[in-house]
Amino acid sequence: MKKELRLSGSGGQGLILAGIILAEAAINQGLNAIQSQSYGPEARGGASKAEVIIGDEEIFFPKVRKPNILLALSQKAFDQYIHDLDSKSIIVVDESIQTNDKIELDMIYKLPILKTASEKIGKSMVANIVALGVLTQLIPELEKQSVLDAILQRVPQGTESLNTTAFEEGIQLIKL
């Protein structure tokens, strides 16, 4: 088993933290994981991506070559990273993103990730945690409790309930 994930969006959306959480959850389960990140010179609003590789065997190259899963929370990120995918890749995008109808992929999920965070939960800053709930559903090798434990170890003290709710809402968005 080997999963290559690219989490992309705008700076300030918390996707680097989400990548760290995914890698930690995998490691806590005894899997191998590596996480890398890049973002533009502007801290907020610029392009941002985190890449995570999770596997049950040794990982020899630390960069994602062909993502199994692409998460895009901004139009710019979607446009920039869509070319790396193959027909077996999974795309998860916020519903606000305009996707090209000519994309020939088996699974595309357009979900109200940003809207769920801002309107249903009342805090747009937890969109990354909502996205983690979605991704947990798409990666059966990751245990829900392991991801939740990693989230709770990383979020600021006093926000555990808020982030648990955000994670559960993400799971509900894509209940398989």
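Just above, that's the structure.
Since the structure is predicted, the reported quantities are computational estimates derived from the model, not experimental observations. (Residues numbered from 1 in each chain as written. Predicted model: local features only at pLDDT ≥ 70, side-chain atom pairs only at ≥ 80, totals over all residues. Heavy atoms only, no water.)

Novice: Teacher, can you tell me more about the overall build of the protein chain here?
Specialist: Along its length, the protein chain carries six helices and six strands. Moving toward the C terminus, one meets the helices and strands of the protein chain in the order β-α-β-β-β-α-β-β-α-α-α-α. By the compact-globule yardstick of 16 Å for 176 residues, the protein chain fits well, its C-alpha radius of gyration being 15 Å. Seen along its three principal axes, the alpha-carbon backbone of the protein chain occupies a region of about 40 × 35 × 35 Å. Residues counted as buried form 48% of the 176 residues belonging to the protein chain. A sequence separation of at least 24 residues applies to 57% of the contacts in the protein chain between residues at least 6 apart. Accessible surface for the protein chain amounts to roughly 8700 Å². Of this, 48% is attributable to carbon and sulfur atoms. Considering the protein chain, the positive charge centre built from 18 side chains and the negative charge centre built from 22 side chains are found 4 Å apart. (Helix = DSSP H or I, 4+ residues; strand = E, 2+ residues; numbered from the N terminus. Rg over C-alpha atoms; globule rule 2.2 N^0.38 Å. Buried < 20%, exposed > 50% of the residue type's maximum accessible area, 1.4 Å probe, protein only. Contact = heavy atoms within 4.5 Å. Areas by Shrake-Rupley, 256 points an atom, 1.4 Å probe, with all protein chains shown as cover. Lys, Arg positive; Asp, Glu negative; His and termini not counted. Charge placed at Lys NZ, Arg CZ, Asp CG, Glu CD.)

Novice: For this particular structure, what's the right way to read helix 3 (residues 113–121)?
Specialist: Because each turn of an α-helix spans 3.6 residues, side chains separated by three or four positions in sequence point in the same direction. Of all the positions in helix 3, only Ile-113, Thr-116, Ala-117 and Ile-121 are classed as buried. Summarising the axial view, the buried residues of helix 3 lie within an arc of 95°, below the 170-degree limit, and thus occupy one face. The elements touched by buried residues of helix 3 are strand 4 (69–72), strand 5 (90–94), strand 6 (107–111), helix 4 (127–138) and helix 6 (160–173). At the exit of helix 3 stands Gly-122, carrying a positive phi of roughly 90°. (Arc of directions from axis to C-beta.)

Novice: What should I look at first to understand the pairing of strand 4 in this one?
Specialist: For a regular strand, the rule is simple: side chains alternate between the two faces of the sheet. Of the two faces of strand 4, the one lined by Ile-69 and Leu-71 and the one lined by Leu-70 and Ala-72 are each fully buried. Where strand 4 meets strand 5, four bridges bridge the pair, whose relative direction is parallel. Bridge pairing links Ile-69 to Ile-90 in strand 5. Handedness of the β-α-β unit built from strand 4, helix 2 (residues 75–81) and strand 5 comes out right-handed. (Pairing = 2+ DSSP bridges. Right-handed = clockwise from strand over helix to strand, strands pointing away.)

Novice: Which parts of the structure should I look at to understand the pattern of salt bridges?
Specialist: Where charged atoms from two side chains of opposite charge come close, those side chains can pair. One pass over the structure, following the stated rule, counts seven salt bridges. Between Glu-169 and Lys-120 there is a salt bridge, with the nearest N and O atoms lying 3.1 Å from each other. Of the two residues, Glu-169 is situated in helix 6 and Lys-120 in helix 3; the sequence distance between them amounts to 49 residues. Given the relative accessible area of 59%, Lys-120 is considered exposed. When salt bridges that share partners are traced, they join Arg-6, Lys-49, Glu-51 and Asp-84 into one network. (Salt bridge = Lys/Arg side-chain N within 4 Å of Asp/Glu carboxyl O.)

Novice: I keep staring at the packing of aromatic side chains and nothing clicks. Help me out?
Specialist: Two numbers describe a pair of aromatic rings. These are the distance of the centres and the angle of the planes. What the rule picks out here adds up to zero aromatic pairs. A cation sits over an aromatic face here: Arg-65 above Phe-61, 4.2 Å from the ring centre. (Phe/Tyr/Trp six-rings, centres within 6.5 Å; stacked < 30°, edge-to-face > 60°. Lys NZ or Arg CZ within 6 Å of the ring centre and 35° of its normal.)

Novice: Please explain the nonpolar core as it appears in this structure.
Specialist: Across soluble globular proteins, nonpolar side chains show a tendency to be buried alongside one another. By size, the foremost hydrophobic cluster in this structure holds 44 residues, and its most contacted members are Leu-7, Leu-71, Val-92 and Ile-113. Residues Leu-70, Leu-85, Ile-91 and Val-93 belong to the second largest nonpolar core, which totals nine residues. (Core = buried A, V, L, I, M, F, W, Y, C linked by side-chain atoms within 4.5 Å.)

Novice: How should the packing of helix 3 against helix 6 be read in this particular structure?
Specialist: Between helix 3 and helix 6, whose axes approach to 11 Å, the crossing angle comes to 135°. Comparing their axes, helix 6 and helix 3 come out oblique. Relative to helix 6, the crossing made by helix 3 is right-handed. Residues Ile-113, Thr-116, Lys-120 and Ile-121 of helix 3 form the contact with helix 6, whose participating residues are Leu-162, Thr-165, Ala-166, Glu-169 and Leu-173. (Axes fitted to C-alpha atoms, helices over the stretch in contact; angles between N-to-C directions. Parallel < 35°, antiparallel > 145°, perpendicular 65-115°, else oblique. Left-handed = near helix turned anticlockwise from the far one by under 90°.)

Novice: What should I look at first to understand the side chain of Gln-13 in this one?
Specialist: Mapping Gln-13 onto the fold places it in the loop between strand 1 (2–10) and helix 1 (15–28). Of the polar contacts made by the side chain of Gln-13, one reaches the backbone nitrogen of Ser-10; its length is 2.8 Å. Apart from the residues lying within four places of it in its own chain, the contact partners of Gln-13 are Leu-73, Leu-114 and Asn-128. (Polar contact = N/O pair within 3.5 Å; in protein donor to acceptor, adjacent residues only side chain to side chain.)

Scope: geometric values only; no functional claims are made or implied.
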